Amino acid sequence: MGYHIDEVEWSIDKELLQKIRERVFVYELHIPKHIEFDHLDQTAHHVLVTKDGKCPVATGRLCNDGLIGRIAVLPEHRNRSVYKSLLTYLVKMAEKQGCDCVSINCILNEVDRFKQNGFAADGLVFMEAGIPRQRMLCPIKQFDTRPFTLVH
């Protein structure tokens, strides 16, 4: 018994992915639905985490430019094992695509923690869903899942 991760297609598993992301981002974090689901969903690579191979518990996506995002884990499954497995899988996908670096859009109060773990700020601070964020880059060879806790 445990968690299993698979790459899934947005066109096939859209409803399932949306259900998890809506619960986490729209209902829990109050992100407007029209912001949560964007044009990048069509072209991004999506992953689905299931418990015991059946019950969907988490999702995340990797954009073609190496941006990792939309990490949504249902509350009862938020543990290091799920986050580490999910992020490691996404980084391996990025490496297979030929990316040298991955990036994330982190909230400002987490920038220092990411810098201490191999990430560097990229560009200016920007607003996303009313939240100031900073894009952070990390070479794949230096990527570490430790700075990721409750990433959403």
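Everything below is about the structure shown above.
The written sequence of each chain sets the order in which its residues are numbered from 1. Given that the model is predicted, a residue must reach a pLDDT of at least 70 before its local features are reported, and side-chain atom pairs must reach 80 or more before they are shown or counted; all residues, however, enter totals for whole chains, interfaces and linings. Side-chain calculation: all heavy atoms of the structure are included, whereas hydrogens and water are not.

(A) Representation of the pairing of strand 3 (residues 55-62). For each residue, the accessible area found with a 1.4 Å probe, counting protein chains only, is set against the maximum for its type, and the residue is called buried under 20%, exposed over 50%, and partly exposed in between. Only runs of H or I of at least four residues qualify as helices and only runs of E of at least two qualify as strands under DSSP, and these elements are numbered from the N terminus. When you tally the buried positions in strand 3, you get six out of eight residues, the bulk of the element. The pairing of strand 2 (residues 45-51) with strand 3 spans seven bridges and is antiparallel. Looking at the pairing, Leu48 lines up with Thr59 of strand 3. By the convention used here, strands pair only if DSSP detects at least 2 bridges between them. Linking two consecutive strands that pair antiparallel, namely strand 2 and strand 3, is a turn of three residues; a positive phi of about 55 degrees is found at Asp52 within it.

(B) Quick peek at the packing of aromatic side chains. Pairing of aromatic rings covers Phe, Tyr and the six-membered ring of Trp, with a centre-to-centre limit of 6.5 Å; geometry is then stacked below 30 degrees between planes, edge-to-face above 60, and tilted otherwise. Enumeration over the complete set of coordinates arrives at three aromatic pairs. Their ring planes at 40 degrees and their centres at 6.4 Å tell us that Trp10 and Phe37 sit as a pair that is tilted. Of this pair, Trp10 sits in helix 1 (residues 10-28) while Phe37 is found in the loop between helix 2 (33-36) and strand 2, placing the two residues 27 residues apart along the sequence. Owing to a relative accessible area of 15%, Phe37 belongs among the buried residues under this scheme.

(C) Structural view of the nonpolar core. Each nonpolar core is a collection of buried residues, namely Ala, Val, Leu, Ile, Met, Phe, Trp, Tyr and Cys, held together in the definition by side-chain atoms within 4.5 Å. Of all hydrophobic cores here, the largest spans 29 residues; its most connected members are Ile68, Ile71, Leu86, Leu90, Ile104, Phe119 and Phe143. The set of elements that each furnish at least two residues to this core consists of strand 2, strand 3, strand 4 (68-73), helix 3 (80-96), strand 5 (101-107), helix 4 (111-115) and strand 8 (131-139). Of the residues forming this core, the biggest block, eight residues, is contributed by helix 3. For Phe143, the residues in contact, after removing those within four places along its chain, are Leu87, Val91, Val102, Phe119, Cys138 and Phe148. Leu17, Ile20, Phe37 and Leu48 belong to the second largest nonpolar core, which has 11 residues in total. Residues are treated as being in contact if the distance between any of their heavy atoms lies within 4.5 Å.

(D) Representation of the side chain of Glu22. With respect to the helices and strands, the residue Glu22 is situated in helix 1. Take Glu22: its relative accessible area is 15%, and that puts it in the buried class. In this view, Glu22 contacts Tyr27, Lys33 and Phe37; residues no more than four positions away in its chain are not counted.

(E) Representation of the pattern of salt bridges. Any Lys or Arg side-chain nitrogen found within 4 Å of a carboxyl oxygen on Asp or Glu counts as a salt bridge. In the structure shown here, the tally under the stated rule is 14 salt bridges. Close ionic contact of Arg61 with Asp38 constitutes a salt bridge, the shortest N to O distance being 2.9 Å. Separated by 23 residues along the polypeptide, Arg61 in strand 3 and Asp38 in the loop between helix 2 and strand 2 bring together distant segments of the chain. On the basis of relative accessible area, Arg61 is assigned to the buried category, the value being 3%.

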